Amino acid sequence: MKKLHILRITLAAIIGLLTILCFAGLFYPFHIMDLQLGALIQKNWLELTLASAFLLAGIILATFIFGRIYCSILCPLGLLQELLMLVFKRSLTPKRSRCWKYLIASVAFGTLLGGSALIFRQLDPYSFFGSVIGANILGIATLLIIVALVWLWGRIFCSNICPIGALLGLISKHSLFQVQIDKEKCISCGACSRKCPTGSIFFKDKNVDNETCIKCFNCLNTCPRNAINYNKHAPKEKIKFSPNRRQLLIGGSALALFVLAAKSGIKFGEKTLQSIKAAILPAGAKNLDHFANTCLNCNLCVQNCPHQVIKPANKEYPFVHLDYSENFCSYKCHKCSDICPSGALQKMTLELKRKTQIGIAQINPDQCVKCGLCIMKCPREALTREGHTVPQVLTDKCIGCGLCQNTCPVKAITIEGLSKQILLEK
């Protein structure tokens, strides 16, 4: 049993290292972030593909068999919390599963499937981790919240707040393999309970809550009597669906909230659009409506943009966007659409990216000094001076890459974002 703990730690360390390399823009193997469940659920909802459906089914099946191994191996926020647990070295007390997590999950998933990621991206653990990696004001605030929660209550976010955890917990509750206590061997010393990061072990009752248990296997490495095991769960009686009054009330409330949230998702999306102006979006965003309501703000594209023109969400734009004040979007790169795990950016080839109009250059004739540098630098020959003294923009060729804006020595050129991206003929 102790080997399971070592195996889990090894796998988590590998995934953690690969995650850091991915967000550092150094190495992105096998599109590993496509395994993040929140992004995967949205991707299947937006654009169902065989690959995404297979990955989603694989994670659900693995949870049915092994329990919540996703939370202890694949979730980057879970790995961050585990590191914090090692730093704090605090003994924890058992915590009962709280019903509010189902209500939180109902609202989060309801609004997401209703068409708005506004609420979901505030609760999704993958988006949380992306905010932390972004190291902006939102990321720092997120990190402080996570640190406070871990310091006070361990991984309570995983057990009683996270919508992904709530979903996986319902499956894990009936998983084939479960952590169990041998009541004949157990002496109720509490060693296992103090090491449990989610407070899922009730040593006095000699019972484990496999719904909140994240299968970290710390307990297997702690028990002095080897009274805790991880084996195939074989219930003595057939499972009968006979919910009590409390369960019916919680289930009904969660269902009602889900339906209400799904209907509200459309209104959330419309309200978001009313508060912002057209932004310059990465190629593949389709339109402002789609992107504003599907981007999870994981910041993976922000960290991997070679010219660092993709910026994280701010007060003006509640989603990632392009900013040409210091650089431009490379004509030779389509990395952002290639690595986006949530479907907010449609995957496209470099050839398609080069023909996708995300904005149009605007030239101020009063500022222009007629140097012609913008004409020479434009990769699509979208600027001309034939018959004019001031360069003119050919709108059927300009894609809004921003190279001319960064080339202009007097800042006479700006890029105006489009509310709907257009695929040009050539």
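First things first, this report covers the structure right here in the doc. Please read all numbers here as calculations on a predicted model, not as lab measurements.

1. Description of the packing of helix H5 (residues 76-88) against helix H8 (residues 137-153)
- Between H5 and H8, the shortest axis-to-axis distance is 10 Å and the interhelical angle comes to 55°. In terms of orientation, H5 lies oblique with respect to H8. As for how H5 packs across H8, the hand of that crossing is right-handed. Residues Leu77, Leu80, Gln81, Leu84, Met85 and Phe88 of H5 lie in contact with H8, whose contacting residues are Leu143, Ile146, Val147, Val150 and Trp151.
- Along the lines of polarity and charge, the residues of the contact of H5 with H8 split into ten nonpolar, one polar and no charged.

2. A closer look at helix H3 (residues 50-66)
- Relative to the 24 Å expected for 17 residues at 1.5 Å per residue, H3 spans 24 Å between its end C-alpha atoms, a close match to the ideal helical length.
- Those residues of H3 not exposed but buried are Ser52, Leu56, Ile59 and Thr63. Down the axis of H3, the smallest arc covering the buried residues is 60°, so these residues share one side. In H3, the exposed positions that point more than 90 degrees away from the buried face belong to Leu50, Ala51 and Phe54.

3. Here we look at a nonpolar patch on the surface
- Taken together, the side chains of Leu7, Leu11 and Ile14 define a hydrophobic patch exposed on the protein surface, amounting to about 260 Å² of accessible area.
- Structurally, leucine 11 can be placed in helix H1 (residues 2-23).

4. Digging into helix H2 (residues 37-46)
- Counting buried residues along H2, eight of its ten residues qualify, which places the element largely inside the surrounding structure.
- Close packing links the buried residues of H2 with H3, helix H4 (69-73), helix H6 (100-114), helix H7 (125-134) and helix H10 (163-172).

5. Section: the nonpolar core
- In terms of nonpolar packing, the biggest core is built from 52 residues, with Leu37, Tyr70, Leu77, Ile164 and Leu300 touching the most fellow members.
- With sequence-adjacent residues up to four places away left out, leucine 300 is seen in contact with Cys22, Phe23, Tyr28, Met33, Tyr126, Ile339 and Pro341.
- Among the nonpolar cores identified, the runner-up in size contains 41 residues, and Ala292, Val309, Ala382 and Cys404 belong to it.

6. Digging into the side chain of threonine 384
- Tracing the sequence through the fold places threonine 384 in strand S8 (residues 383-384).
- There is a polar contact of 3.3 Å between the side chain of threonine 384 and the backbone nitrogen of glutamate 386.

7. A few points about the environment of leucine 4
- You can see leucine 4 is positioned in helix H1.
- Assessed through its relative accessible area of 26%, leucine 4 is described here as partly exposed.
- In this structure, the C-alpha to C-alpha distance between leucine 4 and alanine 135, residues 131 residues apart in sequence, is 34 Å.
- Apart from the residues within four sequence positions on either side, leucine 4 is in contact with Phe217, Leu220 and Tyr230.

8. As for unusual backbone geometry
- Phi at glutamate 381 is positive, roughly 50°, even though this residue is not glycine.
- As for its placement among the helices and strands, glutamate 381 is situated in the loop between helix H17 (373-377) and S8.
- Using a relative accessible area of 59% as the deciding quantity, one classes glutamate 381 as exposed.
- The backbone of lysine 411 sits at a positive phi, close to 55°, despite the residue not being glycine.
- Locating lysine 411 in the fold gives a position in the loop between helix H18 (403-407) and strand S10 (413-423).

9. As for the pattern of salt bridges
- Evaluation of the coordinates by the stated rule reveals three salt bridges.
- Here arginine 8 and glutamate 82 are joined by a salt bridge, their closest N and O atoms 2.8 Å apart. One end of the pair, arginine 8, is in helix H1; the other, glutamate 82, is in helix H5, with 74 residues separating them in the sequence. One exposure class covers both arginine 8 and glutamate 82, and it is buried.
- Between glutamate 211 and lysine 101 there is a salt bridge whose closest N-O contact spans 3.6 Å. Here lysine 101 lies in helix H6 and glutamate 211 lies in the loop between strand S3 (207-208) and strand S4 (228-232), a separation of 110 residues in the sequence.

10. Remarks on the packing of H2 against H3
- Where H2 contacts H3, the axes come no closer than 9 Å and their chain directions differ by 135°. Classified by the angle their axes make, H2 and H3 are oblique. Read as a crossing pair, H2 and H3 show a hand that is left-handed. Taking contact as the criterion, the partners of Leu37, Leu40, Ile41, Lys43 and Asn44 in H2 are, on H3, Ser52, Ala53, Leu55, Leu56 and Ile59.
- Each residue belonging to the contact of H2 with H3 can be placed in one class, and the counts come to seven nonpolar, two polar and one charged.

11. Digging into the environment of lysine 370
- Following the sequence through the fold, lysine 370 ends up in the loop between strand S7 (356-363) and H17.
- Along the chain, lysine 370 and isoleucine 339 lie 31 residues apart, while their C-alpha atoms are 39 Å from each other.
- Setting aside its immediate chain neighbours within four residues, lysine 370 contacts Arg385, Thr389 and Val390.

12. Some points on the state of the cysteines
- All told, the structure shown has zero disulfides when counted by the stated rule.
- Between cysteine 219, a free cysteine, and cysteine 216, which holds the nearest cysteine sulfur, the sulfur-to-sulfur gap is 6.3 Å.
- Here cysteine 295 stays unpaired: no disulfide links it, and the sulfur of cysteine 301, its closest cysteine neighbor, is 6.3 Å away.

13. Here's the deal with the packing of aromatic side chains
- If you walk through the whole model with that rule in mind, you get ten aromatic pairs.
- Taken together, the ring pairs in this structure connect Phe66, Phe177, Phe217 and Tyr230 into an aromatic cluster.
- For arginine 96, the ring lying beneath its charged end belongs to phenylalanine 202, and the centroid distance is 4.0 Å.

14. Topic: the environment of tyrosine 230
- Within the element layout of this structure, tyrosine 230 appears in strand S4.
- A polar atom in the side chain of tyrosine 230 sits 2.7 Å from the backbone oxygen of phenylalanine 66.

What counts and what doesn't
Residues numbered from 1 in each chain as written. Predicted model: local features only at pLDDT ≥ 70, side-chain atom pairs only at ≥ 80, totals over all residues. Heavy atoms only, no water. Axes fitted to C-alpha atoms, helices over the stretch in contact; angles between N-to-C directions. Helix = DSSP H or I, 4+ residues; strand = E, 2+ residues; numbered from the N terminus. Parallel < 35°, antiparallel > 145°, perpendicular 65-115°, else oblique. Left-handed = near helix turned anticlockwise from the far one by under 90°. Contact = heavy atoms within 4.5 Å. Nonpolar A, V, L, I, M, F, W, Y, C, P; charged D, E, K, R; others polar. Expected span 1.5 Å × (residues − 1). Buried < 20%, exposed > 50% of the residue type's maximum accessible area, 1.4 Å probe, protein only. Arc of directions from axis to C-beta. Patch = residues over 30% accessible without salt bridge, like charges linked within 9 Å, V, L, I, M, F, W, Y side chains within 5 Å. Areas by Shrake-Rupley, 256 points an atom, 1.4 Å probe, with all protein chains shown as cover. Salt bridge = Lys/Arg side-chain N within 4 Å of Asp/Glu carboxyl O. Core = buried A, V, L, I, M, F, W, Y, C linked by side-chain atoms within 4.5 Å. Polar contact = N/O pair within 3.5 Å; in protein donor to acceptor, adjacent residues only side chain to side chain. Disulfide = S-S within 2.5 Å. Phe/Tyr/Trp six-rings, centres within 6.5 Å; stacked < 30°, edge-to-face > 60°. Lys NZ or Arg CZ within 6 Å of the ring centre and 35° of its normal.

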